[in-house]
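Observations on the three-dimensional arrangement
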Amino acid sequence: MRAAVLIEINKPLQILDLEQDPPQAGEVRVKVKAAGVCMSDWHIMNGDWPLPMPMVLGHEAAGIVIETGRGVDHVKSGDHVIFSFRPHCGRCRYCSSGQTVLCIGHNDTPRWRMHDGTARVRLNGEPVNQMARIGTFSEEVVCPSEQVVKTRNDLPFTHAAIIGCSVATGIGAVIRHARVPAGSSVLVIGCGGVGLNIVQGARLAGASPIIACDLRDNKLDYAKLFGATHRINASSVDAVKRAREITGGLGVDTAFDAIGSEQTALQVIDAVAPGGRAVLVGIPAFATRAPINPSQIVYGEKMISGTYYGSVRPNIDFPMLADLDMDKKINLDQLISRTYEFDQINEGFALMRAGEVARGVIVFD
Ligand SMILES: [Zn+2]
Ligand SMILES: [Zn+2]
């Protein structure tokens with residue numbers, strides 16, 4: 001079983017042969033068919049999120065169930081599934097209230113091991129961690145069954161894969177978290193995989209204008225394709241000032257930060273109109289701090305909120321997003337601007353970092 005393993009930060013992933021145990025009670029084995037290349041993997045590779053290695057990376061993926069452990073009854077062999085990178089115990093206060101992305105039911109074991117604390121993959125007999133308990137840059141994944149969601153069989157695997165992270169996070173941020181009303185104005189800072197999905201989520205919600213901001217013109221061209229009505233290249237223009245001009249001076253109703261840096265967090269807070277809402281979506285490096293101006297929050301009655309994983313409920317929202325895609329209400333075909341073979345995975349990260357792709361997806365044989 002081959003998997004892409006991070007052995008050391010700031011080094012390429014290594015595709016290695018690993019030993020894999022069969023699924024235990026409550027677990028499944030999935031043959032991975034497609035896996036997206038995401039900035040979150042890169043945050044681990046570059047040390048922004050210091051996590052224990054060796055670790056199989058990858059968390060945005062889809063595949064076919066090939067084996068189920070004891071007690072698994074919601075999926076069976078042959079089912080097409082989308083991986084969820086958050087567990088869902090179904091019992092804790094957050095699962096019970098529908099905020100499943102905040103599940104605390106398994107907080108007593110590390111997020112890179114199975115729920116009993118042990119590993120299912122090994123390298124030369126030593127345990128190897130799995131990012132988010134899945135680690136989908138892998139020909140086969142054994143993981144908790146609650147982290148796979150059955151999907152319709154006619155959905156292409158590449159589309160299913162990206163529903164599991166960037167599509168859920170971006171569209172969910174708009175329709176599940178911020179609940180953007182039709183006709184309200186939206187600013188999106190950062191037009192990578194998540195940002196482009198915020199743009200198309202805003203289009204789905206009927207927002208107008210939809211202002212996209214990035215440092216690269218090719219990303220802004222993508223944003224137009226997914227529904228942006230206005231584009232700001234922040235390398236040459238003051239993004240906040242320009243967003244205010246476009247909205248008649250007040251600022252936007254909702255501004256999304258898809259980057260997760262000090263500067264972009266401050267920009268989205270500045271860019272919202274009085275009574276508006278700044279939404280933090282991109283996950284910052286753990287050490288990031290941003291000096292907000294509390295008086296403008298008070299005088300302007302501004303709201304700041306964070307959304308993790310688009311605040312989605314995977315069991316409900318992944319099938320909904322699959323239907324939207326098959327009904328051509330959202331555009332995933334053009335979002336997947338590049339596919340790779342597994343052996344090209346490090347090239348996939350290089351092109352993502354260079355801003356050359358909307359979303360790149362690895363396709364497995
Ligand atoms: Zn991701
Ligand atoms: Zn829970």
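Residues numbered from 1 in each chain as written. Chains lettered and ligands numbered in written order. Predicted model: local features only at pLDDT ≥ 70, side-chain atom pairs only at ≥ 80, totals over all residues. Heavy atoms only, no water.

1. A closer look at the overall build of the protein
The number of helices and strands found in the protein is 10 helices and 19 strands. Whereas a compact globule of 365 residues would reach a radius of gyration of roughly 21 Å, the protein reaches 20 Å, a difference of no more than 12%. Taken along its principal axes, the extent of the C-alpha atoms in the protein is 60 × 40 × 40 Å. A total of 365 residues make up the protein; the buried ones form 55% of that total. Of the contacts made within the protein by residues no fewer than 6 positions apart, 70% connect residues no fewer than 24 positions apart. Of the accessible surface of the protein, which amounts to about 14,800 Å², a share of 51% is contributed by carbon and sulfur atoms. (Helix = DSSP H or I, 4+ residues; strand = E, 2+ residues; numbered from the N terminus. Rg over C-alpha atoms; globule rule 2.2 N^0.38 Å. Buried < 20%, exposed > 50% of the residue type's maximum accessible area, 1.4 Å probe, protein only. Contact = heavy atoms within 4.5 Å. Areas by Shrake-Rupley, 256 points an atom, 1.4 Å probe, with all protein chains shown as cover.)

2. A few points about the sheet that holds strand β16 (residues 272-280)
Pairing is parallel in the open sheet, where six strands are placed in the order β14-β13-β12-β15-β16-β17. In this open sheet, the two edge strands, each paired with only one partner strand, are β14 (230-233) and β17 (303-306). Neighbour-to-neighbour, the strand axes of the sheet open up by a mean angle of 15°, direction not taken into account. Where helix α6 (residues 239-246) meets the sheet, it contacts β12 (186-189), β13 (210-214) and β14, and its direction lies at approximately 160° from that of β14. The strands touched by helix α7 (residues 262-271) within the sheet are β12, β15 (252-257), β16 and β17, with β16 carrying the most contacts at an inclination of about 155°. (Pairing = 2+ DSSP bridges. Axes fitted to C-alpha atoms, helices over the stretch in contact; angles between N-to-C directions.)

3. With respect to the nonpolar core
The tendency in soluble globular proteins is for nonpolar side chains to be buried as a group. Ranked by internal contacts, the top residues of the largest apolar core, which has 89 residues, are Phe 137 and Phe 256. When residues in this core are grouped by element, the largest group, 12 residues, is from helix α3 (residues 157-178). When neighbours within four sequence positions are excluded, Phe 256 is seen to be in contact with Ala 173, Val 174, Ala 178, Val 180, Val 186, Leu 187, Val 188, Ile 189, Ile 198, Val 268, Val 279 and Val 281. Counting residues in hydrophobic clusters, the runner-up holds 17 residues, among them Ile 211, Cys 213, Val 268 and Ala 278. (Core = buried A, V, L, I, M, F, W, Y, C linked by side-chain atoms within 4.5 Å.)

4. Structural notes on the coordination of the zinc ion (ligand 1)
Looking at the zinc ion (ligand 1), the protein donor atoms are Cys 38 (SG), His 59 (NE2) and Cys 165 (SG), and they sit 2.0 to 2.2 Å from it. Considered as a linear motif, the donors of the zinc ion (ligand 1) on their single chain read C-x20-H-x105-C. On the criterion of sequence distance, the pair formed by Cys 38 in the loop between β4 (27-36) and α1 (39-45) and His 59 in the loop between β5 (55-56) and β6 (61-68) is long-range, its members being 21 residues apart. Each member of the pair, Cys 38 together with His 59, is buried. (Donors = N, O, S within 2.8 Å, 3.2 Å for Na, K, Ca; no water.)

5. Points about the coordination of the zinc ion (ligand 2)
Taken together, the protein ligands of the zinc ion (ligand 2) are Cys 89 (SG), Cys 92 (SG), Cys 95 (SG) and Cys 103 (SG), with distances of 2.3 to 2.4 Å. Taken together, the four donor atoms coordinating the zinc ion (ligand 2) and their angles of 103 to 117° define a geometry best described as tetrahedral. Counting along the primary sequence, the residues that act as donors to the zinc ion (ligand 2) give the motif C-x2-C-x2-C-x7-C. On the accessibility criterion, Cys 95 (10% relative accessible area) is buried. (Tetrahedral: all angles 85-135°; square planar, octahedral: opposite > 155°, others 65-115°.)

6. Section: the pattern of salt bridges
A complete count under the given rule lists 21 salt bridges for this structure. Asp 79 is the partner of Lys 150 in a salt bridge, and the nearest nitrogen-oxygen pair spans 3.7 Å. Of this pair, Lys 150 sits in strand β11 (residues 148-150) while Asp 79 sits in the loop between β6 and β7 (80-83); the two residues are 71 residues apart in sequence, bridging distant segments of the chain. Judged by relative accessible area, which is 42%, Lys 150 ranks as partly exposed. The class of Asp 79 is buried, set by a relative accessible area of 5%. In this structure, Asp 317 and Arg 176 form a salt bridge, with 2.7 Å as the shortest nitrogen-oxygen distance. (Salt bridge = Lys/Arg side-chain N within 4 Å of Asp/Glu carboxyl O.)

7. Let's talk about the sheet that holds β5
In spatial order, the strands read β2-β1-β5-β9-β8-β3; together these six strands make up an open sheet with mixed pairing. Sheet topology places β2 (14-17) and β3 (19-20) at the edges, where each strand pairs with a single neighbour. One ladder, built from two bridges, connects β5 with strand β9 (residues 126-130); its direction is parallel. Bridged to Val 56 within β9 is Gln 130.

8. Considerations on the packing of aromatic side chains
This model, assessed by the stated rule, comprises six aromatic pairs. With 6.0 Å between their ring centres and 85° between their planes, Phe 137 and Phe 349 make a pair best called edge-to-face. With Phe 137 in the loop between β9 and β10 (140-144) and Phe 349 in helix α10 (residues 345-353), this pair connects stretches of sequence that are 212 residues apart. One exposure class covers both Phe 137 and Phe 349, and it is buried. Its guanidinium or amino end placed over the ring of Tyr 94, Arg 93 lies 5.2 Å from that ring's centre, counting from NZ or CZ. (Phe/Tyr/Trp six-rings, centres within 6.5 Å; stacked < 30°, edge-to-face > 60°. Lys NZ or Arg CZ within 6 Å of the ring centre and 35° of its normal.)

9. What about the packing of α6 against α7?
For the pair α6 and α7, the least separation of the axes is 9 Å and the interaxial angle reads 25°. When the axis of α6 is compared with that of α7, the two are roughly parallel. Like other packed secondary-structure pairs, α6 and α7 cross with a definite hand, here right-handed. On α7, the residues that touch Ala 239, Val 240 and Arg 244 of α6 are Gln 267, Asp 270 and Ala 271. (Parallel < 35°, antiparallel > 145°, perpendicular 65-115°, else oblique. Left-handed = near helix turned anticlockwise from the far one by under 90°.)

10. Things to note about α6
Within α6 the residues assigned to the buried category are Ala 239, Val 240, Ala 243 and Ile 246. Take α6 and look down its axis: the buried residues cluster within an arc of 125°, on one side only. Taken together, the buried residues of α6 touch β12, β13, β14 and α7. (Arc of directions from axis to C-beta.)

11. What to know about α7
Thr 264, Ala 265, Gln 267, Val 268, Ile 269 and Ala 271 are the residues of α7 that are buried. Lining the buried residues of α7 we find β12, α6, β15, β16, α8 (294-299) and β17.

12. Some thoughts on the side chain of Asn 129
Along the chain, Asn 129 falls in strand β9. The exposure class assigned to Asn 129 is buried, which follows from its relative accessible area of 4%. Aside from chain neighbours lying at most four places away, what touches Asn 129 is Pro 52, Met 53, Pro 54, Met 55, Val 56, Trp 112 and Arg 113.

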